[in-house]
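Spelled out, the chains give:
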Amino acid sequence: MSFLGRGGPSPAGGVNHERIEMAINEIDMVSDVFNRIVSSCHAKCISPRYAEGDLNKGESVCIDRCVAKFFEVNKKVGEKMQSAGASAQATGSTSFSL
């Protein structure tokens with residue numbers, strides 16, 4: 001079965017609108033993460049005065065570390081929220097704190 005509903009059971013219109021909406025939401029989320037990484041790491045690692053057309057070694061290393069840290073923190077926050085949500089669900093609470 002295809003991601004967009006071709007080749008499998010589909011609604012009367014022929015296109016699975018729910019899956020298209022999910023794909024659009026995922027693209028929006030990935031684009032948002034990418035834009036936040038670019039903005040944050042560019043501000044930290046690249047001088048506002050461009051002297052060369054390419055990144056120098058220091059800028060490249062800084063960007064590599066910045067992106068790695070961004071994803072590590074993102075992973076830790078996601079895990080913390082997931083465990084807090086699971087414990088809140090187990091206790092029947094509708095809110096949780098980090």
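Details of the structure are given in the entry above.
Anyway, here's the lowdown on the structure attached to this text. (Residues numbered from 1 in each chain as written. Predicted model: local features only at pLDDT ≥ 70, side-chain atom pairs only at ≥ 80, totals over all residues. Heavy atoms only, no water.)

**Describing the pattern of salt bridges**
Applying the stated criterion across every chain yields a total of one salt bridge. Of the charged contacts in the structure, one is a salt bridge between R36 and D32, with a shortest N-O distance of 3.2 Å. Placement of both R36 and D32 in helix α1 (residues 17-45) is noted, with a separation of four residues, approximately one turn of the helix. Residue class for R36 comes out partly exposed when judged on its relative accessible area of 41%. For D32, a relative accessible area of 40% puts it in the partly exposed group. (Salt bridge = Lys/Arg side-chain N within 4 Å of Asp/Glu carboxyl O. Helix = DSSP H or I, 4+ residues; strand = E, 2+ residues; numbered from the N terminus. Buried < 20%, exposed > 50% of the residue type's maximum accessible area, 1.4 Å probe, protein only.)

**Details of the nonpolar core**
One finds V33, I37, C41, C45, I46, C66 and F70 forming the largest nonpolar core, which totals seven residues. Of all the secondary-structure elements, those providing two or more residues to this core are α1 and α2 (57-91). What C66 contacts, discounting residues up to four positions off in sequence, is C41, K44 and C45. (Core = buried A, V, L, I, M, F, W, Y, C linked by side-chain atoms within 4.5 Å. Contact = heavy atoms within 4.5 Å.)

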